[in-house]
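An overview of the molecular structure
Residue strings, one per chain:
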Amino acid sequence: MTTTEIQFDSETLALVNNMMKRYPEGKHKSALIPVLHIAQAEFGGWLSVPTMDYVASVMNLKPIEVYEVASFYSMFNMHPVGKCLIEVCRTSSCWLRGAEDVIDHIEKRLNIRVGETSADGMFTLKAVECLGSCGTAPMMQVGADYHENLTIEKVDTLLEKFKDENKQSRYC
Amino acid sequence: MSKKLLLKNDHIEGIHTLPIYRANGGYSVLEKALKTMSPEAILEEVKTSGLRGRGGAGFPTGLKWSFLAKPEGVPRYLVCNADESEPGTLKDRYLMERHPHILIEGMIVSSFALGAKTSYIYIRGEYFYIARILEIAIKEAYEAGFLGKNIQGSGYDLDLYVQVGAGAYICGEETALLESLEGKRGNPRIKPPFPAIAGLYGCPTVVNNVETIAAVVPILEMGGAEYAKIGTEKSTGTKLISASGHINKPGVYEIELGIPVEEFIYSEEYCGGISGGKKLKAVVAGGSSVPILPAELILKTSAGEPRMMSYESLGDGGFLTGTMLGSGGFIVMDEDTSIVKNLYTFARFYHHESCGQCSPCREGTGWMEKILLKILDGRGDMKDIDLLWDIQSKIEGKTICPLGEAAAWPVAAAIRHFRSEFEEYIQYPEKIRDIKHYYRLQETATA
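Scope of this entry: the structure provided in the associated data block. These numbers come from a predicted model, not from an experiment.

Each value, and the rule that gives it
- The residue numbers shown here count from 1 along each chain, following its written sequence.
- For naming, the first written chain is A and the first written ligand is 1, with later ones following in the order written.
- Per-residue local features of the predicted model are confined to residues with pLDDT of at least 70, and side-chain atom pairs are confined, for both listing and counting, to 80 or more; whole-chain, interface and lining totals are unaffected and use all residues.
- Side-chain numbers here rest on the full set of heavy atoms in the structure, without hydrogens or water.
- Here a helix means four or more residues in a row that DSSP labels H or I, a strand means two or more in a row labelled E, and each is numbered from the N terminus.
- Residue exposure (1.4 Å probe, protein chains only): buried if accessible area is under 20% of the type maximum, exposed if over 50%, otherwise partly exposed.
- Using the Shrake-Rupley algorithm and a 1.4 Å probe, accessible areas are obtained, with residue cover drawn only from the displayed protein chains.
- Neither His nor the chain termini are counted; the positive set is Lys and Arg, and the negative set is Asp and Glu.
- Taken as the charge centre is NZ of Lys, CZ of Arg, CG of Asp or CD of Glu, depending on the residue.
- Residue contacts are defined here by distance: any two heavy atoms, one from each residue, within 4.5 Å place the two residues in contact.
- Accessible-area loss on putting two parts together, using a 1.4 Å probe and summing over both, is the definition of buried area adopted here.
- A pair is scored as a salt bridge if a Lys or Arg side-chain nitrogen falls within 4 Å of a carboxyl oxygen belonging to Asp or Glu.
- When residues are sorted by character, Ala, Val, Leu, Ile, Met, Phe, Trp, Tyr, Cys and Pro go into the nonpolar class, Asp, Glu, Lys and Arg into the charged class, and all the rest, Gly among them, into the polar class.
- Note on pairing: two strands pair once DSSP finds at least 2 bridges between them.
- Axis definition: a line fitted to C-alpha atoms, limited for helices to the stretch in contact. Angles are taken between N-to-C directions and run from 0 to 180 degrees.
- A patch is a set of surface residues, each over 30% in relative accessible area and not in a salt bridge, joined within 9 Å for like charges and within 5 Å for the nonpolar side chains Val, Leu, Ile, Met, Phe, Trp and Tyr.
- Should an angle fall under 35 degrees it is called roughly parallel, over 145 degrees roughly antiparallel, and 65 to 115 degrees roughly perpendicular, with every other angle called oblique.
- Handedness of a crossing follows from how the near helix is turned relative to the far one, being left-handed for an anticlockwise turn of less than a right angle and right-handed for a clockwise one.
- Here, nonpolar core means buried Ala, Val, Leu, Ile, Met, Phe, Trp, Tyr and Cys residues that are tied together by side-chain atoms lying within 4.5 Å of each other.
- All the domain ranges listed were derived from an automatic or database domain assignment.
- Any Phe, Tyr or Trp ring, taking Trp's six-membered ring, that has another such ring centre within 6.5 Å forms a pair; planes under 30 degrees apart are called stacked, those over 60 apart edge-to-face, and the others tilted.

1. Side note on the overall build of chain A
Summing up its helical and strand segments, chain A has 7 helices and 4 strands in all. Going residue by residue from the N terminus, the α and β elements of chain A occur as α-α-α-α-β-α-α-β-β-β-α. Projecting the C-alpha coordinates of chain A onto the three principal axes gives extents of approximately 50 × 35 × 25 Å. By residue count, 57% of the 172 residues in chain A fall in the buried class. On chain A, roughly 7,400 Å² of surface is accessible, and the fraction owed to carbon and sulfur atoms is 50%. Of note, chain A has its 17 positive side-chain charges centred 3 Å away from the centre of its 23 negative side-chain charges.

2. Some words on the interface of chain B and chain A
The interface of chain B with chain A comprises 61 residues on the first partner and 46 residues on the second. Taking both partners together, chain B and chain A bury about 4,300 Å²; carbon and sulfur atoms supply 54% of that area. Summed over the shared surface of chain B and chain A, the result is 5 salt bridges. For Asp104 of chain A, the salt bridge goes to Arg440 of chain B, with nearest N and O atoms at 2.4 Å. Considering each element in turn, the side of chain B that touches chain A owes the most residues, 8 residues, to helix H15 (residues 339-353) of chain B. Taken together, the residues that form the side of chain B that touches chain A break down as 26 nonpolar, 21 polar and 14 charged.

3. Focus on the sheet that holds strand E4 (residues 205-209) of chain B
Residue and element names in this part refer to chain B. Spatial ordering of the open sheet is given by E3-E2-E1-E4, a layout of 4 strands whose pairing is parallel. Since the sheet does not close on itself, it has two edges, and those belong to strand E3 (159-164) and E4, each with one partner. Neighbour-to-neighbour, the strand axes of this sheet turn through a mean angle of 20°, independent of strand direction. As paired elements, strand E2 (residues 118-123) and E3 share 6 bridges and run parallel to each other. Looking at E3, one finds that Ile123 is bridged to Val164. Contacts from helix H7 (residues 128-143) reach E2 and E3, with the element oriented near 170° to E3.

4. With respect to the sheet that holds strand E8 (residues 292-294) of chain B
All names here are of chain B. Judged by pairing direction, the sheet is mixed, and its 5 strands sit side by side in the order E6-E5-E9-E7-E8 without closing on themselves. The sheet terminates laterally at strand E6 (251-256) and E8, the two strands that pair on one side only. Neighbour to neighbour, the strand axes of the sheet diverge by 30° on average, direction disregarded. In this structure, strand E5 (residues 238-245) lies alongside strand E9 (residues 329-334), joined through 4 bridges in parallel fashion. By the bridge assignment for E9, Ala243 is matched with Phe330. Contacting strand E7 (280-284) and E8, helix H18 (residues 403-427) crosses the sheet at an angle of about 45° to E8.

5. What to know about helix H2 (residues 32-42) of chain A
The buried count for H2 of chain A comes to 10 of 11 residues, which makes it a mostly enclosed element. For H2 of chain A, every residue scored as buried is listed here: Leu32, Ile33, Pro34, Val35, Leu36, His37, Ile38, Ala39, Gln40 and Ala41 of chain A. Residues of H2 of chain A that are buried make contact with helix H1 (10-20), helix H3 (49-59) and helix H4 (63-70) of chain A together with E3 and helix H8 (174-181) of chain B. Just past H2 of chain A, the residue Gly44 of chain A takes up positive phi, approximately 90°.

6. With respect to a nonpolar patch on the surface
A surface patch of nonpolar side chains, amounting to about 270 Å² of accessible area, comprises Phe59, Leu63 and Phe67 of chain B. For Leu63 of chain B, the position within the fold is in helix H4 (residues 61-66).

7. Some remarks on the environment of Tyr73 of chain A
Relative to the assigned elements, Tyr73 of chain A resides in the loop between H4 and strand E1 (84-89). For the pair formed by Tyr73 of chain A and Val35 of chain A, sequence separation is 38 residues and the distance between their alpha carbons is 13 Å.

8. Comments concerning the pattern of salt bridges
Residue and element names in this part refer to chain B. Going through the model one piece at a time under the given rule, you end up with 42 salt bridges over all chains. For the salt bridge of Glu211 with Lys91, the shortest nitrogen-to-oxygen distance reads 2.9 Å. Highlighted residues: Glu211 in helix H9 (residues 210-222) and Lys91 in helix H5 (residues 91-98), separated in sequence by 120 residues. Look at Glu211 and you get buried, because its relative accessible area is 0%. The buried category is assigned to Lys91, whose relative accessible area is 1%. Note that Lys431 and Glu424 form a salt bridge whose closest N and O atoms lie 3.5 Å from each other. On the accessibility criterion, Glu424 (31% relative accessible area) is partly exposed. Salt bridges sharing common partners tie together Arg54, Lys91, Asp92, Glu211 and Lys239.

9. A short note on the packing of helix H6 (residues 99-110) of chain A against helix H7 (residues 152-165) of chain A
A packed helix pair is summarised by two numbers, namely the angle formed by the two axes and the spacing between the axes. All names here are of chain A. One can describe the packing of H6 onto H7 by two numbers: an axis separation of 10 Å at closest approach and a directional angle of 40°. In terms of their interaxial angle, H6 and H7 are classed as oblique. Two packed elements cross with a definite hand, and for H6 against H7 that hand is right-handed. Along its contact with H6, which presents Asp101, Val102, His105, Ile106, Arg109 and Leu110, the element H7 presents Ile152, Val155, Asp156, Leu159 and Glu160.

10. Overview of the nonpolar core
If you look at the biggest cluster of nonpolar residues, it comprises 170 residues, and the most contacted ones within it are Ile123 and Phe422 of chain B. Examining the composition of this core, we find that 12 residues originate from one element, H18 of chain B, more than from any other. Taken together, domain 1 (3-72) and domain 2 (84-167) of chain A each give at least three residues to this core, which thus spans both. What Ile123 of chain B contacts, discounting residues up to four positions off in sequence, is Ala82, Met96, Ile130, Ala131, Leu134, Val162, Gln163, Val164 and Gly165 of chain B. Listed in part, the 27 residues of the second largest apolar core include Leu257, Phe264, Ile265 and Leu297 of chain B.

11. Details of the environment of Pro71 of chain B
Residue and element names in this part refer to chain B. Note that Pro71 resides in the loop between H4 and strand E1 (77-82). For Pro71, a relative accessible area of 36% gives the class partly exposed. Considering only alpha carbons, one finds Pro71 and Gly155, 84 residues apart in sequence, at a separation of 21 Å.

12. As for the pairing of E6 of chain B
Residue and element names in this part refer to chain B. Extensive coverage of E6 is indicated by the burial of 5 of its 6 residues. Here 6 bridges tie E5 to E6, and the two strands are oriented antiparallel to one another. Paired with Ser242 across the bridge in E6 is Val252.

13. A closer look at the packing of aromatic side chains
Evaluated as defined, the whole model comprises 23 aromatic pairs over all chains. Each ring, one from Tyr253 of chain B and one from Tyr270 of chain B, has its centre 5.8 Å from the other, and the planes form 90°; the classification is edge-to-face. Of the two residues, Tyr253 of chain B is situated in strand E6 and Tyr270 of chain B in the loop between helix H11 (261-266) and E7; the sequence distance between them amounts to 17 residues. Exposure remark for Tyr253 of chain B: the relative accessible area of 13% places this residue in the buried category. Grouped by ring-pair contacts, the aromatic residues Tyr23 of chain A together with Tyr77, Tyr120, Tyr161 and Tyr201 of chain B constitute a single cluster.

Encoded structure:
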């Protein structure tokens, strides 16, 4: 992606400007995390340096202020990811109820390991920390959607569905 | 019969919408509070209720509110902590997803009591779909005149916003949350000054958990004194418990504080017993950071008294034989569970979530994860157990925020109560093959 392509359309730009007005005068930096979510969704599912520089210019911040925040939070991808990012929770409660069976199965089905992207660029698999779905474990998050009480059959159905839909995972 | 205050309307379809919430008595507390009560009177009711913070620390809410500085001409803020990230905890998510208006009503009356004109609900980024539910409910509340200018003709103005995070456990710590809300990295601040003096944008701020703020609604509805009659003397009211792990009925339950732990685990009304008819091995009663207890100590105190679901009973015996109610994240483990492997998932979690600001936590969490992995990879040494103990003791109390303790306590408790299991893995490494997916550990160790 070249720098010239990184530009919010007028509607998104209006939304971003509106967001910055939610906060007291001079405190518009508070909108940085919400705006980075939008930027990530708009520009390929990850935050490249040009994307972060663009956010800095739109928000009138120094680029370093954007880099240091983007790199701190786990939902911001600092490297390219597949079109459909699958995040399987692996912490205690999910582990107790078979999260590793789910991870194993997805690895075999997609022929990738945790942290990798499928050769066609469709799927990236991540193992993540507690997503607050302990009572409905095991689970995975794909974009904003929680898929809970997973079984191997349910995972298979979902993977098929994502493939058929050419699903793009987005938080917002 | 269980007492329900927050989830009393859980069975009503559409209760997440304003018309149905109102038809079931919703927003009547707001009208009563804004029209007939002074901020001081609300504070008194909350103090009288004995409500303790439901996020994990259990600090008295009324007292926290009374610390709020009120200098002339300086804005004050109420920030709702909806960053729920403590492993084992999903109660705030449940409440916000199904009952967004009780939180919003609680935010409005609490903001009024504190004199805040702008309030924020900071929600973890992964709960994006719940942020949407809240935004829709807030829009309904604006349209009904419960938010905005001159609410219900009371002359009180309030704007309420939802702010999403982006994945960081540490942002559940109140000063890290405020940093994040200011658009920065979630590094906790050194206290003092406490947020009550210098919080959001340097202004006096109260940060309260979702369940705490929601509980203000039934407190004002029935009066603080009536609320205080529910539960026990030191643990008043009801509490949402997130039940997970090897139980027949995982989920969120509202309990009257003070019911026996045994009843909570085995009765059909709550967890419904251990799945597969197995035996109970251990429980983490209040979210990943509280000490794990073996079956005999979670069911009965060291004095042989039945253990109750309350701040004081779970805490009975200190950390030697007791634990904490914490966030109410109740994780149950059956007889086949590897305590060491479970601890490894916690250690990996805390290493991942350490903000890196304080050396003892940044380095210590990484070392604890590595040593546990070494033991689980069959390369453990008896000295490793003492080394783990030594590291956790050098994190505890030596960091800016309590993530250090949160990472240290589970390690200490697992060694305290299950030392023989560590020793067994070290002495007989072939035992590791009994852990499901043990090969993943070896791969991780090799990598």
